[in-house]
Amino acid sequence: MTPVSAHSTFRRPRAAGFGVGLALALWLGAASGVPAQTPPCNPCAGVRVDDPSTLTEALGAEPRLEGEARLYVLWPTRLGDVDAVGEDDVSTPSVGAFDEVRQAGGTPWTVTVFESPAPLLENLEIFEAELRALASVARGAGERAHLQIDWRPAVGEVTVQELGFLVKRAAVAITGAHPQARVIVGPLEPDADALRALYGEDIAAYADGIALRGDAPLTDLEAARDALAELDPGKPIVLDHLPWPDQPSRALARAAEMTEKGFAVTVFGVPAEVASSEALAAELAPLKVLAREFQGDLSFDPYTTPRSTTGARAWTFVRGEDLSLRVIAESPQGADALQLGFDDTLLRGPRRIALDDGFESMVLDQTRGQDGLALRVDEPSPVTLLKLGRVTAAELEGGIEDEVDVAGERQIPVEEILRRLQAFEDRQARRLDHYTATNTLSLRFRLGDGAETVEATFEGPFFYRRGEGFDWAWETLYVNGVKWRGETLPEIPLIQPEKAAVLPLEINFTQEYAYRLRGTEVVDGRDAWVIDFEPVAADSEGNLYQGTVWVDRSLYARLKTRALQVGLEGEVISNEETMTFEPVDSAGQPTEWSSDAYVLPVRNVGQQILSILNASTQVERETRLSSIEINVDGFERRRQAALDSEVTMVRDTEDGLRYLVKNEDGERVVQEERDTTRLFALGGVFYDESLDYPIPLAGVNYLALDWRGTGQQVNIFFAGALLTANWAQPRIFDSRWDFGASAFGFFIPTSDEQYRDGREIEAEEIESSRGRVSVFLGRPLGSFTKLDFTYSLGYTRYSDADDTDESFILPQDTLTHSFATELTYSRGGWRAAAEVSWNQRDEWEFWGLPGNTEFDPEHEDYLLYEASLAKTWWLPKFTKLGAAIEYLGGEDLDRFSKYDFGPFGDAEVIGYQGGLVRAEEAWAAHLSYGIDLGSIVQVEMIGDAAWLTDELTGLDNEMIAGVGLEGTLMGPWETIMNFEVGVPVEGPGDGFTAFIAFLKLFG
C-alpha cells in the first residue's frame, strides 16, 4: 500500500460554539490519523447467523441497504468442509453465500473455522489443506468481503505461539488470494495478558481487526480494549457477539454505547427462532436504518451530548462532510415522552427517523433560545433516532474568518509491507504448481591473490514442483568456456553452505529476524520499499541471514534480495547472494509487472569463501534461469525421462544439494554420503630459460575434502620433479579456527642469474633447489575477512652452474624459519590481501666473489611485506576481464631473499624465467582478457608489468613486462588440456616460458 496523502481545507465559522470546535478537531484528527481499514460507518453493527440464506430475503426487503451502507452479516465456514482443488476453484458453498448477502445489500463476513489439531507442527498436512480451502474461499469472496480467523482444534490445546503462527499464515493466504479482503482475528478471550502474549508473536500487521467475545463481562472487555490501544493503536475492535435484544430497536443503543466505549463493530447473534420467523424483516429493520444513516465519515462526539429531563441516555455522532448530527436516544422503560436539550445554537432542522422504514419527519415540538435547542418527542419508541442539521459558514454574518489547512501522509509500517509481500508470494505459490527451465550455474574460482581464475559452468533442464523442491540435470559442462566432450560429466565435490535454520521474510513459529524499513529506492525503474533484516539475537542457534529486500511499492512483489548467511559451520566461511526477480507470463516469457505475472528469481549472483587446504578460496556463483515454462502438460514425463537417462542429476534436499544416483534397480536415489574424494592423473611439460631442458611432468593428484569422514582435507600432488602435499582441518575443536600443514618440493635445480646495471654477470650465476614445510593457523573475522598465521621451514641447496667463477663462494645450504601473518578481504569479486613475514636463516656466512660488498651478516634475518588487490569482471559468452595490482617490499634483503619474478616467484611476470631478475621493492600490474572460440578453445591474453627498484643492481623503478597466451581445450580420452606461453617484451628477458598440462579425472 502506497502512502495515503490527505490535503483538505476547512473553513471554521466565527460563531461556532465550543462543542463544534472540538467536534471539528476530533474529526480532523480522525481524517488524518485513522488507518484505512477503519469501517466506513460509526456506529457499525452486524448480525451473526448459522446460515446466511435465512436472512437474505429479509435483508433485501425495505428499507433497502444502498450505497456505502454497512450491515455486516457473519456466518461460520468450516474449512474442513471446503473442497479446494486448484487456483480457479471458487465454487465452494461459502462463495455462494458471499454473493447472496451482497446482492441483498449486506456486507458479507464469514468466520473461517480451523480445526487442525494441536500441535500444528505435528499436523501440518491438515493445516496446509485448510489453508488451501481458506484461499479458495477468499478468491471467490468478491468485494467488501471480510474473513475472520477462528481456531478451534479438534484435538489439543491452543498455545499463543501456535495461534500467532496460524494467524499469520491464514492472513497471508487470505490477502494473497484476495488483496482487498479484510482480515479479522477472533473471537478472542478479552484477557489483557493473553492479548499481550499474542501480540508478542508479531501479529499486528496481519490483522485488520480484532474480534473479542461479546458475551464477556464489560470490565474484561474494557481492560482488553485498553491493552489493544497500547499494543495496536487504531486497530478496530469487534464484539462478536452480543445477545439479540428483546426489542430490536435497542440494538442501536447497544451499538452506540459500545462505540462510545471504543469498539468499532457490534455484532448481534440472531437466534434460530428469530432467523426463521416471519417477522424477521421487521427485526432487522432498525439495524438497516442504522447502517443507512451512519455510513461515511461520522465520529462519536462526546462534547455535544444532549441534556435529558426524562432520564433518557443519548449518544451523538457528527458527520465530517457537513457537521450535521445523528443522535441515538434510549428512553427508560414506560416513558411517555423524550426531552432533549442541545447547547449548540447553530443546530437546526431536527428530524426523527423511523426505525421500521427510515422515513424522516420533522420534530414539531422544538424551542430555540439563547441556551440552544430543546426538543420533545411524544410517545417515543424504546430507541429514537434523530437527525439535526447545522447552519453553514456561508450563512453566517461575516462569512469566513479563517482556514484550517490539514496535510498529512500515512506512513506504512514495515510489518504491513511484509504481510503484503507474503500474501503476494502465497498467492503465486498456490497458482504455480510446477515449472521447467534451463538452469545455468557458473562457478568461478580465484586461485591465490592474483587475477588467475578458473570457471566451471553446468547447464541443463530444471524441474520444480511446489512442496518438493527441484531436480536438475547436468547435460552440459563448460570448463573455462570449453564444452566437455565426454559421454558423462564428472561429479565434482558439492561444497555448499548448510541450509539456514530459518529463512527471512517467511512466517515461522519463532521470531528469528528483526526488520527495519530503511526507506525507498528505484530498482530497474520500479519504486521499491527497502527493508533490512537481521537475526534478533547474535547467539541464535543455527545459521541465519542478514541483508536487504527490495519490495515493489505497487504490487508488493520482491524485486531484489541480498542476503548474507551468518553462523556458518564447516568449510564454508561466508555465503552472500543477491537474487534478482523478474515477471514472466504463463508461457515463461518476460511480461509487464502485474498481479497476474509470475515473479521468479531468474538470476542469482553470489560469493562464497571456502576454507580449502589452508587457504580462503573465493568462489563467485551465478545462476540464471531461461526457457521457463509454467504449469505445462508433460512435466512428469519430461522429468522422468531425465531421471531415466544417464546424465548427472542433483536434487534439492533438506541437507542441501545432493547427487541423484542410480541404484541396482536403475532407479534414481539421493546419494546419502557426500563423496568428496577425487583422483586425477596429470601430465605435461614445463620450460623456462632457467632450466637446461624442458621438464616433463607426469603424476597423480589425490584430493579428499572429507578424509575418512573426519572433516579433514587432504591433497597430494606428485609429478616426479614436483611434490605438493596439504592437510587441513577447517574447524579445529569445532571452533572457527582452521589448522593445517603443507609441504612443497621442486627437486630439479634452476639457475639463479645476477644482473647488475642491466648486464648479466655470468661468473656469479649459480643453481639452487628448494623445499618447504609449513604449518597454518587461521580464523575468519566477520564474513569477508580472514586472518592467517603461518610458520614455514624452508630448505635451500646451492650448487655451481656451468659458468660460475671458480672463486665464487656458494651460499651455505640453509634452513629458513619464516613467521607470516596475512589478512585477506573478499567481497563482490574483489580480493584484497596484505602479508608481512619475518624470516631467519639458520646459517648465513660469506658468499660471492672475493670482496663481495653485497654480503652482510645482518641479512641472516629479514622482513618481507606484500599487498595486492584483484578483480575479475565476467562478461557474456564466457568472456572475462581480470586485473590485479601488487606492492612488494622488505628490509635487510640480499640477492637470495629478494623478490623473484619467474613462474614460481613472488609476483610472476609472464615470459620471465625464474631467478633472472630480483628486486627489493616492486609495484606490479596484471591484466588478462579471455574469449571463447566456439566452445572449443578458450584463449586468455595476458599482460604483466612490474616496476622494480634495487639499489645494488641499479634498478630505479625500472619496468619489466611480458605478454602471453593461456588457453584451455579438450584433449583426447576426456582430458582437459591447459597451456601457457609467454615472452618478455621489456627488460633483460630474451627467452620464453611454456607450460602444457593434461588433466584426467578418474573418480
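Relevant structure appears above.
A brief look at the structure comes next. For clarity, every value in this text was computed on a predicted model and none was experimentally measured. (Residues numbered from 1 in each chain as written. Predicted model: local features only at pLDDT ≥ 70, side-chain atom pairs only at ≥ 80, totals over all residues. Heavy atoms only, no water.)

### As for the nonpolar core
Cut-off, in case you're wondering: Joining through side-chain atoms within 4.5 Å is the link that ties buried Ala, Val, Leu, Ile, Met, Phe, Trp, Tyr and Cys residues into a set, and such a set is a nonpolar core. Each residue gets one of three labels from its accessible area relative to the maximum for its type: buried under 20%, exposed over 50%, partly exposed in between, using a 1.4 Å probe on protein chains only. Secondary structure elements are defined from DSSP: runs of H or I of at least 4 residues count as helices, runs of E of at least 2 residues count as strands, and each element is numbered from the N terminus. Residues are treated as being in contact if the distance between any of their heavy atoms lies within 4.5 Å.
Counting residues in each nonpolar core, the largest one holds 93 residues, and the members touching the most others are F114, L134, L147, I210, L212, L287 and I328. Take this core: its biggest share by element is 10 residues, from helix α5 (residues 160–177). If sequence neighbours within four positions are ignored, F114 has contacts with L79, F127, E130, L131, L134, I149, D150, W151, R152, P153, L166 and A170. The next biggest cluster of nonpolar side chains, apart from the first, holds 37 residues, and it includes F470, L610, I628 and M970.

### A few points about the pattern of salt bridges
Inclusion rule: By definition here, a salt bridge exists when the distance from a side-chain nitrogen of Lys or Arg to a carboxyl oxygen of Asp or Glu is within 4 Å.
Under the defined criterion, the tally for this structure stands at 54 salt bridges. Among the ionic pairs, E68 bridges to R70, the shortest N-O distance being 3.2 Å. Residue classification places E68 among the partly exposed positions, given a relative accessible area of 43%. Given the relative accessible area of 10%, R70 is considered buried. Linked through salt bridges whose partners overlap, the residues forming this network are D433, R465, R466, E468, D471, E636, R639 and R651.

### Comments concerning the environment of F789
Mapped onto the secondary structure, F789 falls in strand β44 (residues 785–800). Residues F789 and L777, 12 residues apart in the sequence, show an inter-C-alpha distance of 5.1 Å. Filtering out sequence-adjacent residues up to four positions away, F789 remains in contact with W737, V775, F776, L777, A820 and T821.

### Here we look at the sheet that holds strand β12 (residues 313–319)
For clarity, the cut-off: At least two bridges found by DSSP between two strands are what make those strands a pair. For helices, the fitted line uses only the C-alpha atoms of the stretch in contact; every axis is such a line through C-alpha atoms, and the angle between N-to-C directions lies from 0 to 180 degrees.
In space, the six strands of this open sheet follow the order β10-β12-β13-β19-β15-β16, with antiparallel pairing throughout. Only two strands of the sheet have a single partner each, and these edge strands are β10 (298–300) and β16 (360–362). Here the average twist between neighbouring strands, direction ignored, is 30°. On top of the sheet, helix α10 (residues 280–293) reaches β10, β12, β13 (325–330), β15 (347–353), β16 and β19 (383–390); it is set at about 15° to β19, its chief contact.

### Brief notes about helix α8 (residues 250–260)
In terms of burial, α8 is a largely internal element, nine of the 11 residues being buried. A positive backbone phi angle near 100° is found at G262, which sits one or two residues after α8.

### Brief notes about a nonpolar patch on the surface
Here is the rule: Any residue with relative accessible area above 30% and no salt bridge may belong to a patch, with like charges joined within 9 Å and the nonpolar Val, Leu, Ile, Met, Phe, Trp and Tyr side chains within 5 Å. Note that accessible areas follow from Shrake-Rupley with a 1.4 Å probe, and for residues the cover is restricted to the protein chains shown.
On the surface, a nonpolar cluster with roughly 780 Å² of combined accessible area is contributed by W830, L869, W873, L875, L881, I885, Y929, M941 and L965. For the nonpolar patch, the elements supplying multiple residues, two or more each, are β47 (861–875) and β48 (879–891). For the nonpolar patch, the element with the most residues is β47, which contributes three residues. Mapped onto the elements, M941 comes out in strand β52 (residues 937–950).

### Regarding the sheet that holds strand β18 (residues 372–378)
Working definition: the strands of a sheet are paired by backbone hydrogen bonds and lie parallel or antiparallel to each other. Taken together, four strands build an open sheet; the order of strands is β11-β14-β18-β17 and the sheet is antiparallel. Each end of this open sheet is capped by a strand with a single partner; those strands are β11 (307–308) and β17 (366–369). In the sheet, strand β14 (residues 337–342) pairs with β18 via six bridges, with the strands oriented antiparallel. Bridge pairing in β18 links L338 to V377.

### Brief notes about the packing of α8 against α10
Put simply, the rule is: What sets the label is the angle itself: under 35 degrees gives roughly parallel, over 145 gives roughly antiparallel, 65 to 115 gives roughly perpendicular, and the rest give oblique. Gly falls in the polar group here, along with every residue not listed as nonpolar (Ala, Val, Leu, Ile, Met, Phe, Trp, Tyr, Cys, Pro) or charged (Asp, Glu, Lys, Arg).
It is at 8 Å that the axes of α8 and α10 come closest, and there the two elements cross at 45°. Relative to α10, α8 is oriented oblique. Packed against α8, whose contacting residues are A251, L252 and A255, the element α10 presents P286, L287 and L290 at the interface. Considered class by class, the residues forming the contact of α8 with α10 number six nonpolar, no polar and no charged.

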